[in-house]
Amino acid sequence: MQNLFSRDGTKFNGTPEFNDAGKPVRWVNVACDRCHVIGGQRLWVMGMENGRPYSKTGFSCWTCGNTGIRKTVKERLYSEAELARLNKSASTRAARKAEAYRIAAEQAEAARAANDSEFRAANAEFIAKLDGLDGEFWDGFRESFLARAKAPTERQVMLVDAEVAKRAANASSGFVGAVGDKATLTLVIERIVGYQTAFGAQYIHICRTSEGNVVTYKGTANIGATDETVTLMATIKEHTVYNGVKQTVIQRPKVLEQA
Ligand SMILES: [Zn+2]
């Protein structure tokens, strides 16, 4: 009698039976799933509690008659040669599946890369602008824009163009006049930042000359509202560089003309 094995390769030591086709089989017990040994007794399971079966009835199991075996089934036994053949075709199948999976993954990656380069080509101008904008906010903006791979919205285009224009203007900002001079300036008020001091509300007016030079005024005088153009006479207090932008600080402004 040649050696026999179950499908998992375990050697069979008993006496085999034979199925209708004349192949060797063994009987295997299938555990009962309706009862469990609880407190030393095999009992019908009512439910699970904290991952353990419980029974409050003490009923015997009618499925298996408290044997713990629901049924017995025939399981094929294989000779060494049969088992080797089965394992070989199983590994061939697995290899084929892995190869199909690898090819699918490769194609998916190629498609993704193609989509990505198509997206980058279609939006090259916008992306180039984003590449030129440093800082945490713009790094995040760029990253999520590239990840989403959707054409920019009108609002995004406006936002980026405005930032690019602002940075270009700031980069070309130069000093106005000489410190101590009195000067007449025509300014567009770009932004007013208010804050409280011990002496009441103060405002920083951030303005720009028609040449693009930044002029700031900090104080209590009302020189106009945001987006207004004002012509005023003021003293050049100092020349400073703030966040890399050259700016001229003025004091004692006297408004000559407002629009
Ligand atoms: Zn049972």
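Residues numbered from 1 in each chain as written. Predicted model: local features only at pLDDT ≥ 70, side-chain atom pairs only at ≥ 80, totals over all residues.

Relative to strand β12 (residues 200–209), strand β11 (residues 182–197) runs antiparallel, the two being bridged by 10 bridges. The residue of β12 that forms the bridge with I192 is H205. Counting the residues that bridge the hairpin from β11 to β12 gives 2 residues. As paired elements, β12 and strand β13 (residues 214–219) share 6 bridges and run antiparallel to each other. Of the residues in β13, the one forming a bridge with I206 is T216. Between β12 and the antiparallel strand that follows it, β13, lie 4 residues; G212 among them carries a positive phi value of about 95°. (Pairing = 2+ DSSP bridges. Helix = DSSP H or I, 4+ residues; strand = E, 2+ residues; numbered from the N terminus.)

A few words on the nonpolar core. Counting residues in each nonpolar core, the largest one holds 14 residues, and the members touching the most others are L185, L187, V215, V230, L232 and I250. The element contributing the most residues to this core is strand β14 (residues 229–242), with 4 residues. Once residues within four sequence positions are removed from consideration, L232 is found in contact with L185, I223, P253, K254, V255 and L256. (Core = buried A, V, L, I, M, F, W, Y, C linked by C-beta atoms within 7 Å. Buried ≥ 20, exposed ≤ 12 C-beta atoms within 10 Å, placed from the backbone. Contact = placed C-beta atoms within 7 Å.)

Here the focus is the sheet that holds strand β1 (residues 4–5). If you walk across this open sheet you meet the 3 strands as β2-β1-β10, and the pairing is antiparallel. Every interior strand has two partners, whereas the edge strands, β2 (11–12) and β10 (78–79), have only one.

As a further point, take the sheet that holds strand β9 (residues 69–76). Taken in spatial order, the 3 strands of this open sheet run β3-β4-β9, and their pairing is antiparallel. Each having just a single partner strand, β3 (17–18) and β9 make up the two edges of the open sheet. Here 7 bridges tie strand β4 (residues 24–31) to β9, and the two strands are oriented antiparallel to one another. From the neighbouring strand, V28 faces β9, where its bridge partner is V73.

With respect to the helices and strands, A128 occurs in helix α2 (residues 124–131). With 10 C-beta atoms counted inside 10 Å, the residue A128 sits in the exposed group.

All right, on to the packing of α2 against helix α4 (residues 154–171) then. Close contact between α2 and α4 brings their axes to 10 Å; oriented N to C, the two are set at 45°. What the angle tells us is that α2 and α4 run oblique. Classified by chirality, the crossing of α4 by α2 is left-handed. Between α2, through F126, K129 and L130, and α4, the contact on the second element is made entirely by V157, V160 and V164. In the contact of α2 with α4, the residues fall into 5 nonpolar, no polar and 1 charged. (Axes fitted to C-alpha atoms, helices over the stretch in contact; angles between N-to-C directions. Parallel < 35°, antiparallel > 145°, perpendicular 65-115°, else oblique. Left-handed = near helix turned anticlockwise from the far one by under 90°. Nonpolar A, V, L, I, M, F, W, Y, C, P; charged D, E, K, R; others polar.)

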